Amino acid sequence: MTLTENNSTTYNYFSIGSADDIPAGERVLLEINRIPIVVFNVDGKFFALKDVCTHDEGPLGDGDLEGYEIVCPRHAARFDIRDGRVTMPPAFVDDQVFPVLVEDGQLKIGIPF
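Nothing here was measured: the structure is a model prediction, and the numbers come from that model.

*Asks:* For this particular structure, what's the right way to read the sheet that holds strand E5 (residues 45-50)?
*Replies:* Hydrogen bonds along the backbone pair up the strands of a sheet, which may run parallel or antiparallel. The 4 strands lie next to each other as E3-E4-E5-E10, forming an open sheet whose pairing is antiparallel. Each of the sheet's edge strands pairs with one partner strand only, and the pair in question is strand E3 (27-32) and strand E10 (97-98). Examined bridge by bridge, strand E4 (residues 35-42) and E5 share 6 bridges and lie antiparallel to one another. Residue Asn 41 lies in a different strand from E5, and its bridge partner there is Phe 46.

*Asks:* What should I look at first to understand the nonpolar core in this one?
*Replies:* Burial of nonpolar side chains together is a common tendency in soluble globular proteins. Ranked by internal contacts, the top residues of the largest apolar core, which has 14 residues, are Leu 60, Ile 70, Phe 79 and Ile 81. Counting residues per element, the ones that place at least two in this core are E4 and E5. Take this core: its biggest share by element is 3 residues, from E4. Beyond its immediate chain neighbours, meaning those up to four positions away, Ile 81 contacts Phe 40, Val 42, Phe 47, Leu 49, Leu 65, Tyr 68, Ile 70 and Val 97. Among the nonpolar cores identified, the runner-up in size contains 13 residues, and Ala 19, Ile 37, Phe 98 and Leu 107 belong to it.

Basis of the calculations
Residues numbered from 1 in each chain as written. Predicted model: local features only at pLDDT ≥ 70, side-chain atom pairs only at ≥ 80, totals over all residues. Heavy atoms only, no water. Pairing = 2+ DSSP bridges. Helix = DSSP H or I, 4+ residues; strand = E, 2+ residues; numbered from the N terminus. Core = buried A, V, L, I, M, F, W, Y, C linked by side-chain atoms within 4.5 Å. Buried < 20%, exposed > 50% of the residue type's maximum accessible area, 1.4 Å probe, protein only. Contact = heavy atoms within 4.5 Å.

Structure representation (structure tokens):
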């Protein structure tokens, strides 16, 4: 499936499995087109973020999730999983987020091309 959002970015959507496979409060780490991604379920809402800290290129997915903030396990930089925005240094560059669709109970992650 290919969709274009209002900002003219075109995405290919990749099915990653059932939405039921990620219970509320949980996450899954995966890779699509060689991009490491972490997908979170926060109260039934799904968010996908590049699993790379913009501070030092370390993984984010193993960090603590506090509300909508992921805390980098290496140097405690924080990112909002809804929009990738840095909320606490030492990172200063926002992280990449990916659109998530739920269709017929299946999760799909949009990868830009």
